[in-house]
Amino acid sequence: MRGWKKNLSPEQMRVNLQVRRTPEEAGGYHVDTLDLYAARARAAYIRQAAIELGLPDDTIKRDMGHVLLKLETLQDEAIRQNTKPKSTVPLMSAEDEKTALALLQAPDLIARIVADMERCGMVGESNNCLAGYLAAVSRKLDTPLAILIQSSSAAGKSSLMEAVLAMVPPEERVHTAR
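Chains are numbered independently. Their residues run from 1 in the order of the written sequence. Two thresholds apply to this predicted model, a pLDDT of at least 70 for residue-level local features and 80 or more for giving and counting side-chain atom pairs, whereas whole-chain, interface and lining totals are computed over all residues. To obtain the side-chain values, all non-hydrogen atoms of the structure were included, while hydrogens and water were left out.

Undergrad: Got a minute to help me understand the overall build of the chain in this structure?
TA: Broken down by element type, the chain carries six helices and two strands. Per the convention used, a helix needs a DSSP run of H or I reaching at least four residues, while a strand needs a run of E reaching at least two, with both numbered from the N terminus. Listed N to C, the secondary structure of the chain is β-β-α-α-α-α-α-α in terms of helices and strands. For a compact globule the rule gives 2.2 Å times the number of residues to the power 0.38, and the radius of gyration it is set against comes from C-alpha atoms. For 178 residues, the compact-globule estimate of 2.2 N^0.38 gives 16 Å, and the C-alpha radius of gyration of the chain, at 31 Å, exceeds that figure by more than 25%. Counting only C-alpha atoms and orienting by the principal axes, one finds that the chain spans roughly 85 × 40 × 25 Å. Contacts are assigned to residue pairs that have any heavy atoms within 4.5 Å of one another. At a minimum sequence separation of 6, the contacts of the chain that also span at least 24 residues come to 43%. Computed with a 1.4 Å probe, the accessible areas rest on the Shrake-Rupley method; for each residue, only the protein chains presented here act as cover. Split by element, the accessible area of the chain, about 13200 Å² in all, is 55% carbon and sulfur. In the chain, 23 side chains carry a positive charge and 23 a negative one; their mean positions are 4 Å apart. Charged residues are defined here as Lys and Arg on the positive side and Asp and Glu on the negative side; His and the ends of the chain fall outside this count. A single reference atom marks each charge: NZ on Lys, CZ on Arg, CG on Asp, CD on Glu.

So, in structure tokens, the structure goes:
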């Protein structure tokens, strides 16, 4: 049996199926590609394999039924594995983790966050930047914070949001447009 792992839909079971008699028996061999869910294709395969192997159609049909049931189980598991969300969070090295923990324990952490925001161009908005940053990092909590940026037109709301998002790793950003 080959090719069954390519079937990522439960509506199709296209495979390359090979059947042969064991060497100690009278030989015989048949191979074809077919969709096991197509009755006409199965019937044609069974008929031809029975001729090639010198066996009754019922024997091939029964064995194909066992193969199909096993393949359905394997395919269901493969589909489940392929539809699982894949983690895109990069792993940290031990040294990076040590550095990050030292930063988190730094007594001047708040000042460093504000300074980083200023380096991103958000000068004079330290309270708003800090509030936005704290809301952004709260995404890791069970109950994250929400923030609403409200101001008059052309007051820099988008700039504030972009500066805050610049501090969030790309794999953690979720952007919803209105």
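Undergrad: Explain the packing of helix 4 (residues 109-119) against helix 5 (residues 126-137) to me, please; I cannot follow it from the model alone.
TA: Helix-helix packing: each pair is described by the crossing angle between the helix axes and the interaxial distance. Lines fitted to C-alpha atoms define the axes, with helix axes restricted to the stretch in contact, and inter-axis angles between N-to-C directions lie between 0 and 180 degrees. The N-to-C vectors of helix 4 and helix 5 enclose an angle of 105°; their axes lie 10 Å apart at closest approach. Judged on the interaxial angle alone, helix 5 and helix 4 are roughly perpendicular. Here helix 4 contributes Ile110, Ile113, Val114 and Met117 to the contact with helix 5, which in turn contributes Ser126, Cys129, Leu130 and Tyr133. Looking at the contact of helix 4 with helix 5, its residues break down into seven nonpolar, one polar and no charged. Oblique is the label for any angle not covered by the other classes, which are roughly parallel (under 35 degrees), roughly antiparallel (over 145) and roughly perpendicular (65 to 115). Three categories are distinguished: nonpolar for Ala, Val, Leu, Ile, Met, Phe, Trp, Tyr, Cys and Pro, charged for Asp, Glu, Lys and Arg, and polar for the others, with Gly belonging to the last.

Undergrad: I'm lost on a nonpolar patch on the surface in this one. Help?
TA: Within the patch definition used here, like charges are joined within 9 Å and nonpolar side chains (Val, Leu, Ile, Met, Phe, Trp, Tyr) within 5 Å, considering only residues with over 30% relative accessible area and no salt bridge. Whenever Lys or Arg places a side-chain nitrogen within 4 Å of a carboxyl oxygen from Asp or Glu, that contact is recorded as a salt bridge. Taken together, Ile147, Ile149 and Met161 make up a surface patch of nonpolar side chains, about 240 Å² in accessible area. Here Ile147 shows up in the loop between helix 5 and helix 6 (157-165). Residue classification places Ile147 among the partly exposed residues on the basis of a relative accessible area of 48%. Here the term buried applies to any residue with accessible area under 20% of the maximum for its type, exposed to any over 50%, and partly exposed to those in between, with areas from a 1.4 Å probe on protein chains only.

Undergrad: It is not clear to me how helix 6 should be interpreted in this structure. Could you clarify?
TA: Note on helix geometry: an α-helix contains 3.6 residues per turn, so any two residues three or four positions apart are oriented the same way. Residues of helix 6 that are buried: Leu160, Ala163 and Val164. Looking down the long axis of helix 6, one finds its buried residues gathered within 100° of arc, a one-sided arrangement. For helix 6, the secondary structure elements touched by its buried residues are helix 4 and helix 5. For this quantity, the arc is that covered by the directions from the helix axis to the C-beta atoms.

Undergrad: I would appreciate a short explanation of the packing of helix 1 (residues 39-53) against helix 2 (residues 57-83) in the present structure.
TA: Running from N to C, helix 1 and helix 2 cross one another at 125°; their axes reach a closest spacing of 8 Å. In terms of their interaxial angle, helix 1 and helix 2 are classed as oblique. When you trace helix 1 past helix 2, the crossing you get is right-handed. Along its contact with helix 1, which presents Arg42, Tyr45, Ile46, Arg47, Ala49, Ala50 and Leu53, the element helix 2 presents Asp57, Ile60, Lys61 and Met64. Across the contact of helix 1 with helix 2, the residue classes break down as seven nonpolar, no polar and four charged. Note on convention: near helix rotated counterclockwise from far helix by under a right angle means a left-handed crossing. Clockwise means right-handed.

Undergrad: What am I meant to see in the pattern of salt bridges here?
TA: When charged atoms on two side chains of opposite charge get close, those side chains can pair. Throughout the structure, instances matching the rule amount to five salt bridges. Arg62 is the partner of Asp63 in a salt bridge, and the nearest nitrogen-oxygen pair spans 4.0 Å.

Undergrad: Sorry if this is basic, but what is going on with the side chain of Asp35 here?
TA: Residue position: Asp35 is located in strand 2 (residues 29-35). With no salt bridge to any partner, buried Asp35 finds its closest opposite charge in Arg14, at an N-O distance of 6.1 Å. Reaching out from Asp35, the side chain makes a polar contact with the backbone nitrogen of Met13 at a distance of 3.1 Å. Two N or O atoms count as a polar contact when they lie within 3.5 Å, although within protein this holds only if one can serve as hydrogen donor and the other as acceptor, and sequence-adjacent residues are included solely when both atoms are side-chain atoms. A distance of 3.0 Å separates a polar side-chain atom of Asp35 from the backbone nitrogen of Tyr37.

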